[in-house]
Every structure is written in structure tokens, then in C-alpha cells.
Amino acid sequence: MKRLFTSFALMIAASVATAEDVTTYMLDNGMEVVVIEDARAPVVVHMLWYKVGSADEPVGASGVAHFLEHLLFKATDVLESGEFSATVAANGGSDNAFTSYDYTAYFQRIASDRLELMMQMESNRMNNLRITAADVETERQVVLEERNQRTENSAGALAREQFRAAQFQNHRYGVPIIGWKHEMEQLDLTDALDFYDLYYSPNNAVLVVAGDVKPDEVLALAEKYYGVIPAEANLPVRERPQEPPQRAERRITYVDQRVSQPYLVRSYLAPERDPGAQTEAAALVFLADLLGGSSFTSALGQALQFDTQTAIFTSASYDGSNLDSGTFSLVVAPSEGISLSVAEAAMDETVAAFMDAPIDPERMESIRTQLRASEIYAKDNVQGLARRYGAALTQSLTIADVQAWPDILQAVTEDDIKAVAAKVFNRDQSVTGWVVASQEEAR
Amino acid sequence: MLRIVIAFCLSFTASAALAEIEIKQVTSPGGINAWVVEEPAIPFVALEIRFRGSASLDLPGKRGATNLMTGLLEEGAGDMTAQEFQTAREGLAASFSFRAFDDTLSISARFLTENKAEALDLLRQALVDPNFDQDALDRVRAQVLSGIASDEKDPNTIAGNVFNAAAFGDHPYGSSSDGTVESVTALTQEDMFDAHRNALTRDRLYVSVVGDTTAEAVGEMLDDLLGALPAEGPAAPEDVDFGLAGGVTVIDYDTPQAVALFGHKGLKRDDDDFFAAFIINHVLGAGGFESRLMTEVREKRGLTYGISTFLVPKFHAEMMLGSVASSNATIAEAIAVTRAEWARMADDGLSAEELAVAKTFLTGEYPLRFDGNAEIAKIMVGMQMVGLPPEYVVNRNHYVEAVTLEEINRVASELLQPDDLHFVVVGKPEGLTSTQ
């Protein structure tokens, strides 16, 4: 028996009458299907999301989730190596994939009448890869070059890697998605296939189809191609090592001669969006905006870039879209002649002053307006909507959570913000990182 | 009087589904043209404005003036300070972006139907009545200077700056539009007003609008928004020849992965052979995973994460460029393979099958670009800048289809000159040294 869930825009409060036409199904084998309708252009985005990412990797095999993502473009029982992408291109489409801590996703963007072909190929590579040892050798070099390009060649990326490793003392969020270089160099065929065999299964996947499509037609195709694949009986429960109580702040100075502009980053552990419990996360969205969203109107921007010339750049950001803990971060790049310790003190004073003062109701109203507008603008990008649903559903949220989120944001109060800020701004759970070109700059 | 001249439809016949985009051309009473697509489905409007010229119009000794001026357009206008202006903009949830490129000053705006009059009034003040307050100038100048310093340590930017300087010398294309530490440090308020008067002029203006509005409403709005700008600006720079001979330039830089920027002269956007070159470039290096260079350098040999090539028809010079990054130990091999593929394409051209596959992709992919208000607005303003008519959106796939294998192979042998390729390599590449 299929279960059918349908929700339409009318079900959402008129104040944010922007929810998409979204229909969801659950196939008998446990695969979720989400259809987002947008008939403005004859285009479809077909995305298959697996509920597995780098934070699910076995210890010692960091990077295998992303490495496997690369290998999925090699041969299957019916497709030659490279034939998947070549077929998409030969039909005028484009395809790619991405890996994060919590998910791995594959997508194609193509004329909507080619959807069936995409499902046929994507469902084929869920279970039928035929990777060779030669594929592994060459592709390992490719991902090492990818790491070179994204990380080794970038002082900022290397610094972020160090800070994140310090922020998470036990959770795999502290290990880079692309992997530690020394472990990537050792990844082999068995690592990749073990991961593939266990996690690439319909009961660990979410299909998101967005664009000029009809939900019943998508369902029929999904049943035909994905519905016939048996569920993985041994799929493990997704419980990853959690953080212990963090009892001491960490301070790191990252020195790299390729740094030209010194800066500092302070990150704190923060609650993430959870099913049925998104209020704290919503309040943190406001907190980030109030503290460092706009350099012109935020607390840090006003205090450090306008009232004083302490900094040339400030920001605050909240990463709450995670299966497990999120982070809340502040960044300050000091002005010429201002030391990092002076900048850090000014940052802390600004945050303390923010906590002591009432929040300007006009700023709250402005943020609410911008969040409401962002829902309208988001409708212009159907691939963005598809990503929103895919990411949420692989991070334990439900369709209802996704659709309730705009209203939860609108309902955030000053008390919510101050309460969650008091909880998050705990130095014992923080990392302060300085990024400099030399030790002499670290003062 | 308002004129709405042509209504034009693009039908997506490449697909079973049929969608239509109706492009309307409107001319305001004051003579400002715009292309408009009325799309009421979502209650917002995307507006794209371009001024041709941009940083190429920097006055002698004032390199970086247009870039800094453009950064200051959002930093206070009319009787508003920067903070007052941004508070107003945020309150309307409008977004404005101002960017200065070598040839193009680009303004992208997005605003809600419910407050479009207020949003446009704010944008108008930024465009026609910016303040260039001294404190804003000093603050943004510090940001630009920090960016210039960062660029000096970024391998990709180092490669680009070295390549452009060698190819174009004293022409504006030969130096970064950000300017130098010296030139930017010396810029004054008066320089900002000069740059504004020179760069934002109605004779080099292009406008497109897509969203919840009408061509008539756009026609009535244009004069308010842009009519106060000067009618004409200074002369554009002369055209310039690509002046870099084949060879290798190694820039020693301590980083694990070497980056290479390479290229030689290209061809103009309005060249009769442009579509042949477009297909050649696609097959050689622009077609993502399917390109020959990705196949040879990445898929077969694992030498890189990505390699790509570009046709770069600028307004005053033409190039064909490429870029690749590979470990210091392997960049020499990546470059050797690239040269060999360049020569193979020049000598042998494409097979009939490769051409057919490329045409299928290029004609199939084209209608997929028109999938959002902001995307359509960007495409339309880009077409205007290179002199394409609205009906190009329908004819474009015919131009691709019409290219023959004989043309392809002739153009490949003319365009691709492996001995003319110059590689600027930043890193510590093993087995590579600069040629004379």
C-alpha cells in the first residue's frame, strides 16, 4: 500500500503564501518521493539524495563518501564508464553530484520529457556499479587534485579545517568532507564498495523531482524504476558519535605565508533545526542577522566598521541545517594597524552590549520582511527549492518542518533570541581562530 | 510618447512541453530602450542594467576609479548616508548589486511587486545621485586595498594579472580593473564624481526587465530611473591586438598545486565563424565532463580536478583561453597533454559523430537557460550588449545546426594554434621553466 501525502500552498498561512506546489509519496520499499511543480519552463531537475555523508564514514576512511560519489560516474552493468554523463549531455542536459556531512546527492537538469531516461539510469547505478581497480587509481588522483585545489592551495580553507577539527571533539563533523589527505591516499576499491553496498539503497534515499512535471506521472515512473529495487535490510540506524560536554575553550593561531589579510573567527556549538523543534534555530537566524548580517545595519558592522574603524569586514553566520549539532560563527577582519587582540576585544564588547540592550523593533520588522521576501525570490529557482527539500529530508526534517519554517521564522521574538544567545555564547564550547601570515602578526 | 515596438515569442520546440517567452521592446518618451518579459507568476521583478565601457574608461593615472566608484553606489545617495540607504533597502527587501568589469558596469536589482515604486526610487538615487561621502570612500577604499593585497597572494589572480599584462601592455585590458595600491590610495572624491559621470551614460545603456510588471509600466519608469544621467560619455579605448607569443612563463610561488592560465588570440563575437568556433571550444574544453581535455587530462590520467577552455570575445580584443590546476609534480604533463589535444583538434578537427553529439547538447541545453526571471533578464541584457536582436532566441539553434563539418575543420585549423599558446604557470612546477 502506498501512502500519499499531499500539501498545497493553500494550507500555509496567507502571511507567507509562498509555499510551493509540493506532493510527496512513500514507495513500498521505503524510498521517499518529493515532487515540486513549476511549469514556467519545460525543464526538470531530477535529484536523488542518499541519507549518507562524510559524517557516516568509518573511522580511518575519511573521504570515502565523496570518493564514491566520483566513482558513480564510472561503469555499471549496462552503462560504460562516462556513459551516464555523456547520455545526459547528448540529450541537452547537464548533471553533477555533491557530498556533504549528512548527504550525497546526484542530479540532472534536462528537458522535462527526458525524465524517464534519467530515472532509468539513476536507478541503475543505485545497485549495479562495476568499478575497476584502474578506476580507483585514476579517480583517487582526481580527488587528491580536488583537495589540492579546494584546500591545500587555500590558506583560508586549511585554517577552517583546523578550526572545525577543534570545534568537534568527537563528532565526525570535525573531519573534512573531502577527507584527510593521508587517508584519501589509502582509499581502495573495498572501502568504496563496502560503503556503496550498505548505504545506496531505496530505503536510504529521497527522490526530488522539480519542474514542469505532474506528480502522478512522476510517481508512476518512480515506481517503475526505483520501486522495484529491494530495500537494504541491514541499513544501520543512523546514530553517530555525539559531542561530550565541552569544558574548555580552544584557541588556535593558523600561520600561513599566503595570508594577506589577518582575521579572526569565533565559532560556538549551536542547536540545529530538529523535527518539530525549530524555534531555537529560527531565533539563531535572527541573531546572526542582528549581529553580523549586513555591515551597514548589524551590531558588529555598526560598532566596528562605522562607529569606529576597527574592522574592514565583519560577519555573523549560523549553520543550523544539520542532522546533528550546528555552529554559530563570528568573523572580524581588522583594519590596517589594528591588532587581532584589539579586534577580538571589540567584537566581544559588541556582543556583550547587544545582550544588554533591547532589540530595535524596526530591525526585527526589517528582518521579518526580508525573510518573507526571500521565500518569494526562492520560487524563481526551482533547483534551489529541490535542494531545500532534499537537504532537509536527509537531515531528519519532514516536509511539514520545511513548510512550517517560514512561519516559525516570522514568529520569533526578542525573548527567543536573547534566550538562545545566552545558551550559545558559552566560551567552553567555542573555538577562537586567528589566521595570520606570521607569528609576529598574532598579537 | 511611449513606444512598445516589437512583441516576440520564443517557443521551446526542443521539448515535448511548450513554453513561451514573449519579449517586448519598449522605448520611453525620453528615448531609453528596454526589453521586457511580463511574468506575473511570482510577485517580484528582476531588473538588469548594463553600461558598456566601465573600467576601460578609467582616466590616465586613475586606475581603479570606476571599480571604487561602483562599490560606492550603495554607500549613500540623495540625503541618505550609507547606513540610512541600506536601512531603507533592507526594509523593502530589495536587493541591488553593482559590479564593475573590464568592459561592463553591471547593476542587478530584484524587488517585490508590493513596494516596487519605493525600491525603484531608492535605486534611482543610487544611480543618478550618489553622494561619494569621504568616510564611505575611505571605508570602501580600505576594503579594495585589502582585496588587492589578497589578490597578490592568490595563484589564480597572479596568473591572470601576469597573462593580461603580457598580452595587452598599457591598454586597460593589461591591468587589473581594481587598480594598484598606489592608484587606489590616491583616488579622491572628485575622481569618483568623474568616474560616475563617465561610466553611467545613456549612450551605452542597456536594460532588461522580467517579472510582475508590464512593458508599459517599464516604459513609464525608465525616464525616472535613468533619465537624469548624462547623454554621452568619453570615447572608448582603441581595439588592441593580443600581444603575447607562444611559450611558458613560470611565476615562482610556494603552493602545493600549480595553476596554469593559457591562451592565444581568438575571434570576434560577430565573426562569421563564431558558431563553428563555439562548437570547437565546446568539444575541446568547455563541455564539462564530455570535453576532450577533461577526458584526457582528468578521466584518463587523473592529473587535475578540472580543465576548461573559453572563447573570450571582449569589446576591444579577442582571446581563446583555458585554465588547469595540477600538483607541482604533474603540471608539466597536464600542459603537454593540453598542447597535444590542441594540435590534434587543429589537425584533425571533429568527427561527424562528435559534431552531431555536440549539436544535440548545445541545442538541447539552450532553452533550459530560460528558467527564471533573473536568468532571462541576464540573457536579454547580454544579447543587447553584443547587438543581437530578440529573434536571436529562436534562430540561435538554427545557427548551431547550420555549421558544417567542413567549416568546423577549417576553423579549427585557423583558430587553434598550439605553437601560439602561452602558459602562465604559478607555483613550483617541476620540469617547467620560462621560455624567452
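Residues numbered from 1 in each chain as written. Chains lettered and ligands numbered in written order. Predicted model: local features only at pLDDT ≥ 70, side-chain atom pairs only at ≥ 80, totals over all residues. Heavy atoms only, no water.

Visitor: Break down the overall build of chain A for me, citing the residues and quoting the values.
Guide: Scanning chain A for helices and strands turns up 15 helices and 12 strands. Against the compact-globule benchmark of 22 Å for 443 residues, chain A has a radius of gyration of 23 Å, which places it among compact chains. Its C-alpha atoms put chain A at 65 × 55 × 40 Å along the principal axes. Counting every position in chain A, which comprises 443 residues, the buried fraction comes to 61%. Contacts spanning at least 24 positions in sequence make up 80% of the contacts within chain A whose residues lie at least 6 apart. For chain A, the computed accessible surface area is about 16700 Å², with 52% contributed by carbon and sulfur atoms. The average position of the 36 basic charges and that of the 64 acidic charges among the side chains of chain A differ by 1 Å. (Helix = DSSP H or I, 4+ residues; strand = E, 2+ residues; numbered from the N terminus. Rg over C-alpha atoms; globule rule 2.2 N^0.38 Å. Buried < 20%, exposed > 50% of the residue type's maximum accessible area, 1.4 Å probe, protein only. Contact = heavy atoms within 4.5 Å. Areas by Shrake-Rupley, 256 points an atom, 1.4 Å probe, with all protein chains shown as cover. Lys, Arg positive; Asp, Glu negative; His and termini not counted. Charge placed at Lys NZ, Arg CZ, Asp CG, Glu CD.)

Visitor: Lay out the overall build of chain B with the relevant residues and their values.
Guide: Helix and strand content of chain B: 15 helices and 14 strands. For 436 residues, the compact-globule formula gives about 22 Å, and the C-alpha radius of gyration of chain B, at 23 Å, lands near that figure. Structurally, chain B occupies a C-alpha span of about 60 × 55 × 35 Å along its principal axes. Taken over 436 residues, chain B has a buried fraction of 56%. Residue pairs at least 24 apart in sequence account for 80% of intrachain contacts in chain B once pairs closer than 6 positions are excluded. Within the structure as shown, chain B displays about 16900 Å² of accessible surface, and the carbon and sulfur contribution to it stands at 50%. Looking at charge distribution, chain B has the averaged site of its 33 positive side-chain charges lying 2 Å from that of its 66 negative ones.

Visitor: Explain the interface of chain A and chain B to me, using residue names and the numbers behind them.
Guide: Taken residue by residue, the interface counts 55 residues in chain A and 64 residues in chain B. The largest contributions to the chain A side of the interface with chain B come from Glu145(A), Phe296(A) and Tyr377(A), which together make up 15% of the buried area. One can count four salt bridges joining chain A with chain B. Among the salt bridges present, the one from Arg363(A) reaches Glu90(B), with a minimum N-O distance of 3.5 Å. Where chain A packs against chain B, one counts 32 residue pairs in polar contact (both at pLDDT 80 or more). For the side of chain A that touches chain B, the secondary-structure elements that each account for two or more residues are helix H2 (83-90), strand S5 (94-99), strand S6 (104-111), helix H4 (133-152), helix H10 (299-307) and helix H12 (361-378) of chain A. No other element matches the 10 residues that H4(A) contributes to the side of chain A that touches chain B. Classifying every residue of the side of chain A that touches chain B gives 17 nonpolar, 22 polar and 16 charged. (Buried area = accessible area lost by both parts, 1.4 Å probe. Salt bridge = Lys/Arg side-chain N within 4 Å of Asp/Glu carboxyl O. Polar contact = N/O pair within 3.5 Å; in protein donor to acceptor, adjacent residues only side chain to side chain. Nonpolar A, V, L, I, M, F, W, Y, C, P; charged D, E, K, R; others polar.)

Visitor: Describe the pairing of strand S14 (residues 422-427) of chain B, listing the residues and the values that go with them.
Guide: All names here are of chain B. Counting buried positions over the six residues of S14 gives six, a clear majority of the element. A two-sided burial pattern is seen for S14, the buried positions comprising His422, Val424 and Val426 on one face and Phe423, Val425 and Gly427 on the other. Relative to S14, strand S10 (residues 247-252) runs parallel, the two sharing six bridges. Within S14, the position partnered with Val250 by the bridge is Val425. Sheet analysis places strand S11 (residues 257-265) next to S14, joined by five bridges and oriented antiparallel. By the bridge assignment, Leu261 is partnered in S14 with Val424. (Pairing = 2+ DSSP bridges.)

Visitor: Explain the confidence of the model for chain B to me, and be specific about the residues and the numbers.
Guide: When pLDDT is low, close inspection of the predicted coordinates is not appropriate. Summing up the model confidence of chain B, the mean pLDDT is 94 and the portion of residues at 70 or higher is 95%. The low-confidence segment residues 12-18 of chain B, where pLDDT is below 50, has 19 contacts with residues more than four positions distant or belonging to other chains. (pLDDT = per-residue confidence, 0-100.)

Visitor: Lay out the pattern of salt bridges in plain terms, naming residues and giving numbers.
Guide: Any two side chains of opposite charge can pair if their charged atoms end up close together. The tally for this structure, following the rule as stated, stands at 53 salt bridges over all chains. One salt bridge connects Arg141(B) with Asp138(B), and the closest N-O pair in it is separated by 3.2 Å. With Arg141(B) and Asp138(B) both in helix H4 (residues 134-151) and three residues apart, this pair spans about one turn of that helix. Since its relative accessible area comes to 36%, Asp138(B) is described here as partly exposed. With a closest N to O distance of 3.0 Å, Glu296(B) and Arg301(B) form a salt bridge. Take Glu296(B): its relative accessible area is 10%, and that puts it in the buried class. For Arg301(B), a relative accessible area of 35% puts it in the partly exposed group. Counted as one network, the salt bridges with shared partners bring together Glu249(A), Arg251(A), Arg266(A), Glu344(A), Asp348(A) and Arg427(A).

Visitor: Before we move on, could you go through the sheet that holds S10(B) and cite the residues and values that matter?
Guide: Residues and elements named next belong to chain B. The five strands are arranged S10-S14-S11-S13-S12 in an open sheet whose pairing can be described as mixed. Pairing within the sheet leaves two strands with one partner each, and these edge strands are S10 and strand S12 (307-313). Ignoring strand direction, the axes of neighbouring strands in this sheet form an average angle of 15°. (Axes fitted to C-alpha atoms, helices over the stretch in contact; angles between N-to-C directions.)

Visitor: Describe the sheet that holds strand S8 (residues 250-255) of chain A, naming the residues involved and giving the relevant values.
Guide: All names here are of chain A. Within the open sheet, the five strands sit side by side as S8-S12-S9-S11-S10. Their pairing is mixed. Both outer strands of the open sheet, S8 and strand S10 (311-319), are each paired with one neighbouring strand and no more. Taking the axes of each pair of neighbouring strands and ignoring which way they run, one obtains an average angle of 15° across the sheet. Sheet topology note: the S8/strand S12 (residues 430-436) ladder contains six bridges and is parallel. Each bridged residue has a counterpart across the sheet, and for Val255 the counterpart in S12 is Val436. The sheet strands contacting H10 are S10 and strand S11 (326-334), and the helix crosses S10 at an angle near 165°.

Visitor: Give a description of the domain arrangement of chain B that names residues and reports values.
Guide: Interface size is commonly expressed as the accessible area that is lost once the parts come together. Residues and elements named next belong to chain B. Split into domains, chain B comes out as domain 1 (2-226) and domain 2 (247-427). For domain 1 versus domain 2, the distance between C-alpha centres works out to 28 Å. Taken together, the contact pairs 38 residues of domain 1 with 36 residues of domain 2. A combined buried area of about 3400 Å² lies between domain 1 and domain 2, and 79% of that area is made up of carbon and sulfur atoms. (Domains from an automatic or database assignment.)

Visitor: Which residues make up the packing of aromatic side chains, and what values do they have?
Guide: A full pass over the atoms with the stated rule returns 31 aromatic pairs over all chains. Here the aromatic rings of Phe168(A) and Tyr173(A) are separated by 5.5 Å at their centres, their planes lie at 85°, and the arrangement is edge-to-face. Seen from their ring centres, Tyr377(A) and Phe44(B) are 5.2 Å apart, and the 85° between their planes marks the pair as edge-to-face. With Tyr377(A) in helix H12 and Phe44(B) in strand S4 (residues 44-52), the pair connects residues from two separate chains. Among the aromatic residues, ring-to-ring pairing joins Tyr50(A), Phe73(A), Phe84(A), Tyr106(A), Tyr196(A), Tyr200(A) and Phe289(B) into one connected group. Here Lys314(B) stacks its cationic end above the ring of Tyr173(B), 4.5 Å away from the centre of that ring. (Phe/Tyr/Trp six-rings, centres within 6.5 Å; stacked < 30°, edge-to-face > 60°. Lys NZ or Arg CZ within 6 Å of the ring centre and 35° of its normal.)

Visitor: Could you give an account of the nonpolar core, with specific residues and numbers?
Guide: Residue and element names in this part refer to chain B. Of all hydrophobic cores here, the largest spans 69 residues; its most connected members are Ile279, Ile331, Met345, Ile408, Leu415, Leu416 and Val425. A per-element tally of this core places helix H9 (residues 274-286) first, with eight residues. Split by domain, this core shows at least three residues from each of two domains, domain 1 (2-226) and domain 2 (247-427). (Core = buried A, V, L, I, M, F, W, Y, C linked by side-chain atoms within 4.5 Å.)

Visitor: Kindly report on the pairing of strand S2 (residues 21-26) of chain A, identifying the contributing residues and their values.
Guide: Residue and element names in this part refer to chain A. Looking at chain direction, S2 and strand S3 (residues 32-37) are connected through six bridges and run antiparallel. Following the sheet pairing, Tyr25 is matched in S3 by Val33. Between S2 and the antiparallel strand that follows it, S3, lie five residues; Gly30 among them carries a positive phi value of about 95°.

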